[in-house]
There are 2 protein chains.
Amino acid sequence: FLYFIAFQRKVLSVSHQTVSVLASEAFSHLVPRVNACHGMSVDASSDGRDPSVPSVPPPSVAAVDEVLAQKAPLALTPCAVVDVSAMRHNIEQVAANLRPLNIQLRPHLKTVKSVKIARMLTGDPAGAPITVSSLAEAEYFFKHGGYTDILYAVAFAAPKARFVKPLHDAGLRLKVVVEHPVAAAQLVAACERFDVAVDVLIEIDCGDARGGLSLVRDGGHTRLLAIARELAQGGPRTTLVGVMTHGGHSYRSRTVAAIRAACEDERVAAVTAAEALRRAGHRITIVSAGSTPTVVHFAKVDGLTELRAGVYVFHDLDQLGIGSCRSAQNIALSVLTTVIGHSTNGRVIIDAGGLALSKDVSAAKHGAGMAAGYGWVVGHDDLCVAALSQEHGQIDFKRGGGADDEKHASLFKRLPIGSRVRILPNHACFTAAAYDGYVAVDPRAKTVEVWPRVNFWFDGNATGNPDRLRNIVGPPATSKL
Amino acid sequence: FLYFIAFQRKVLSVSHQTVSVLASEAFSHLVPRVNACHGMSVDASSDGRDPSVPSVPPPSVAAVDEVLAQKAPLALTPCAVVDVSAMRHNIEQVAANLRPLNIQLRPHLKTVKSVKIARMLTGDPAGAPITVSSLAEAEYFFKHGGYTDILYAVAFAAPKARFVKPLHDAGLRLKVVVEHPVAAAQLVAACERFDVAVDVLIEIDCGDARGGLSLVRDGGHTRLLAIARELAQGGPRTTLVGVMTHGGHSYRSRTVAAIRAACEDERVAAVTAAEALRRAGHRITIVSAGSTPTVVHFAKVDGLTELRAGVYVFHDLDQLGIGSCRSAQNIALSVLTTVIGHSTNGRVIIDAGGLALSKDVSAAKHGAGMAAGYGWVVGHDDLCVAALSQEHGQIDFKRGGGADDEKHASLFKRLPIGSRVRILPNHACFTAAAYDGYVAVDPRAKTVEVWPRVNFWFDGNATGNPDRLRNIVGPPATSKL
């Protein structure tokens, strides 16, 4: 620590410039500017958003920077930082919302992809229902997390049964999704071929038109029952257990009324499908709906057995724009980055580029008021990441710096070469996917830990083993398998 | 193989629908439609582009699908496919362009991030110069590839010296980049602190304003010499060896004349800086420039010692739009994906979403003529990926399908549930980064191999080891280090 101060002093004496690095004496400057982050909350009163979404956690922003400076002053940038305090708050908030509804949450782990965080969501994994978005996640949470009630919530492509086989043999009966009679027939054939048994949910489209069978068009009810018949004919390897829907259109909602309508779209679609299947003699035990925007606004859950949501654990600028949370302080994920340059057009260059932040600009569609660019700069309400290349990011004024040289000179003073800032993401799922682990900062316990996460579609945590990676192409067609 | 046909037949008999899967009998349908890919070339004659960029490789598109169907019919989708034939062609093309100029290529491996491909670019790694964009890449190519002349071409943040230390102790003298006197002073201090020696290049901005010191503004020449002095005062741990520039503004060029102007911008900026440093008594041996758009158009290299470029190894829709290659068949990277749904709004749903393709839409800026969406569908000139969520992609007509139900019904027939297609990426660097390995298809040798690649900023191939991952936060500030 003393060495680090000496290091700083040497830099100061050599460069004859003020150098602010996120550590030691530079830290004192951080407190006032990160507190300014309060100002980044979206005004919830003027746009019809629900004041019942409070979600302002204890102000841990400055505390996060303090712990980082003390415990990880040399952390390699860019890295993904999780504010454990804000995350716990987000988790508790949704749990509290659902408690009076008396409905099970099946958290979607596609965002966090971390066993450590999954355990915070579920407690004991034995019997705890979870949702995943890839087979790599299914394997990871089963083998490393002890989860056995896993829904792989992307319509299943039959050849993937080959990759389910080792999980099946290890004791996992995976829940998979189909939405078309042809897919159901392919699933039946593949489960026979690979000697795999799965539980099946039929995906219903309730308005997003991304995936799922629509009940209101193209003979949807007929197709729904055709799927159930295909599965039943397949025997015990493909047991129909439920229906699911995802109110993805809630992401396009701009008022609480619209989101509440999406909640009801989800509920009606799922329950209608379940009832139709039950009338045809099928035993339906899971009626599943959900999305982060809807999960914080559900008022009526009659007929549903569970809700799914995931990105709320971190939140992001997109969710802030939608109104799923009310303050930038709820955003538990950020990217720590170092200022590596001052460009000739007045921008601050950081070592977090498109690979580190993702090129998702979802928050931009919430209008100029968000002025999100590729992310907000924590503690600098007027700044955003305005441009990206692969490993370079460019910080500029949200409203543009124009040709005002003085303004840019002040920007360079605020963010000198070598200083560190954190960037809030537009879309946490995409930004988190750029990292194989989180730098988890607990501002209360004053600890910094690293938590691994899974990536890719084939157990990304096992890539050190080329033989394993080779398996993704499978045996040649001439094999006896 | 026979089993697979039986598998198909069962599906056919059960579903009473035509099912096309990329294998066995379905394969015969692929040949005509993938040949249609020829039509996807951008017309080079009408827009002033250089007819001297031929680059149409042997038509291997259908052959790639054939080998995939034969050798990897069950490959887990989404996966990244490399057409080894097209890639070899791209590599040879640039090598041939540079041969008469008699200039060294320092390939930028930030795109491919694969030792296997690096060796195809350089042959013997001993003494072969390469460029990387992260310390993870530097470590990977040094330890697993045997490369020792490595330029880390992103302005260096001083605390990263801690991560250079183990490489240094293993025998690597890394080349790093600075662009500011303060950064130079911080580098000197960090190299002293961690007992590391590096060679240093000064980055010059030649028009992109992303990184680098501009010689034409803000007393650039004075700052250039100030950097050199800081480094010299630092002693033998920070040896100034050269200058580098990147003509990133070439990406905004829309004519060959504009790209040629960017070539000359690069050359003049780098050579002017080198000469100024030499006049001040510094020994400058590396004068480095380059980008994929410029590297195929360089005519005059006087004073330069090397060129850098990387994405040309794969090419992508963005480079096709810029004119770095002339046909979609030059694009050696694609994403193999499975049709998992037919949406209620008439779109084909695939299991490659934003994580699998990236949300980079760089090719979109080349105008409606490109109609790139999030990628082109190989063999279907009229289709693109029109929308993405995390794990779902939506294929639609490039010009939009509108409300024409018949048109959409024909689309569903062309891409039935369970069929497989490949998607050409907008930006190969970003799409490739979604995978920890390539499914490398050599249509001549009729082989399929899996080649690992590195990701992240801290040796992504080693993430199976939590202890190693933990190192990214470094020792606590109180450590004696």
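Sequence positions are assigned chain by chain, starting from 1 and proceeding in written order. In the order they appear in the text, chains get letters beginning with A and ligands get numbers beginning with 1. The predicted nature of this model means local features are confined to residues of pLDDT at least 70 and side-chain atom pairs, given and counted, to a pLDDT of 80 or more, with totals for whole chains, interfaces and linings taken over all residues. Excluded from the side-chain calculations are hydrogens and water; all other atoms, namely the structure's heavy atoms, are used.

Going by the annotation in an unreviewed UniProt entry, the name recorded for chain A is D-serine dehydratase-like domain-containing protein, with Neobodo designis given as the source organism. UniProt positions are given in the numbering used here, feature names are shortened, and annotations may be inferred rather than shown by experiment. Taken from UniProt, the Sequence similarities (unreviewed entry) comment for chain A reads in full: "Belongs to the DSD1 family."

Caption draft 1: Local environment of the confidence of the model for chain A. pLDDT expresses, on a scale from 0 to 100, how confident the predictor is about each individual residue. Here chain A averages 85 in pLDDT, while 82% of its residues score no lower than 70. Whether two residues are in contact is decided by their heavy atoms, any of which lying within 4.5 Å being enough. Ignoring residues within four places in sequence, the model shows residues 476-481 of chain A, a span with pLDDT below 50, making 10 contacts including any to other chains.

Caption draft 2: Structural view of the packing of aromatic side chains. The criterion for an aromatic pair is that two Phe, Tyr or Trp rings (for Trp, the six-membered ring) have centres within 6.5 Å, with stacked assigned to planes under 30 degrees apart, edge-to-face to planes over 60 apart and tilted to the rest. In total, this model carries 13 aromatic pairs over all chains according to the counting rule given. Ring geometry for B:Y140 against B:F141: centres 4.9 Å apart, planes inclined by 70 degrees, an arrangement best described as edge-to-face. The classification of residues rests on relative accessible area computed with a 1.4 Å probe and restricted to protein chains. Under 20% of the type maximum is buried, over 50% is exposed, and intermediate values are partly exposed. Among the residues examined, B:F141 registers a relative accessible area of 0% and is labelled buried. Seen in terms of ring centroids, B:F314 and B:Y438 are 5.4 Å apart; in terms of plane orientation they differ by 75 degrees. Their pairing is edge-to-face. Highlighted residues: B:F314 in the loop between β10 (306-307) and α12 (317-322) and B:Y438 in strand β17 (residues 437-442), separated in sequence by 124 residues. By relative accessible area, which is 0% here, B:F314 ends up buried. On the accessibility criterion, B:Y438 (0% relative accessible area) is buried. Clustering of aromatic rings is evident, with ring pairs tying together A:Y140, A:F141 and A:Y147. By definition here, charges over rings are those cases where NZ of Lys or CZ of Arg is within 6 Å of the ring centre and within 35 degrees of the ring normal. Lying across the ring of A:F430, B:K359 places its NZ or CZ 4.5 Å from the centre. Working definition: helices are DSSP H or I runs of at least four residues, strands are E runs of at least two. Numbering for both runs from the N terminus.

Caption draft 3: Examining the packing of helix α6 (residues 135-143) of chain A against helix α7 (residues 161-169) of chain A more closely. Residues and elements named next belong to chain A. Closest axis-to-axis distance for the α6/α7 pair is 11 Å, and the angle between their directions is 5 degrees. For the element pair α6 / α7, the angle class is roughly parallel. Each of L135, A138, E139, F142 and K143 in α6 lies in contact with α7, whose residues at this interface are F163, V164 and L167. Residues are grouped as follows: Ala, Val, Leu, Ile, Met, Phe, Trp, Tyr, Cys and Pro are nonpolar; Asp, Glu, Lys and Arg are charged; every other residue, Gly included, is polar. Along the lines of polarity and charge, the residues of the contact of α6 with α7 split into 6 nonpolar, no polar and 2 charged. For every element, the axis is a line fit to its C-alpha atoms; helices are fit only across the contacting stretch, and the angle between N-to-C directions ranges from 0 to 180 degrees. Roughly parallel refers to an angle under 35 degrees, roughly antiparallel to one over 145, roughly perpendicular to one between 65 and 115, and oblique to any angle outside these ranges.

Caption draft 4: Examining the side chain of B:S362 more closely. Residue and element names in this part refer to chain B. Note on placement: S362 falls in the loop between α13 (354-357) and β13 (376-377). Under the relative-accessibility criterion, S362 is labelled buried at 11%. Aside from chain neighbours lying at most four places away, what touches S362 is D318, N426 and H427.

Caption draft 5: Spatial organisation of helix α9 (residues 220-233) of chain B. All names here are of chain B. Here the expected span of a helix is defined as 1.5 Å times the quantity of residues minus one. The terminal C-alpha atoms of α9, which comprises 14 residues, lie 20 Å apart, in line with the 20 Å expected from a rise of 1.5 Å per residue. G220, L224, A226, I227, A228, E230 and L231 are the residues of α9 that are buried. Once α9 finishes, G235 follows within two positions and takes phi at roughly 85 degrees, a positive value.

Caption draft 6: Spatial organisation of the pattern of salt bridges. Salt bridge, as applied in this entry: a Lys or Arg side-chain nitrogen positioned within 4 Å of an Asp or Glu carboxyl oxygen. The tally for this structure, following the rule as stated, stands at 40 salt bridges over all chains. Here A:D351 and B:K160 are joined by a salt bridge, their closest N and O atoms 2.7 Å apart. Here A:D351 is found in the loop between β12 (348-350) and α13 (354-357), whereas its partner B:K160 is found in the loop between β4 (149-155) and α7 (161-169) on a different chain. Look at A:D351 and you get buried, because its relative accessible area is 2%. Salt-bridge contacts for B:R347 lead to B:D396; the nearest nitrogen and oxygen are separated by 3.0 Å. Of this pair, B:R347 sits in the loop between β11 (333-342) and β12 (348-350) while B:D396 sits in strand β15 (residues 393-397), placing them 49 residues apart in sequence. Taken individually, B:R347 and B:D396 each receive the classification buried, so the pair is uniform in this respect. Each of A:R106, A:D149, A:K175 and A:E306 takes part in one network of salt bridges that share partners.

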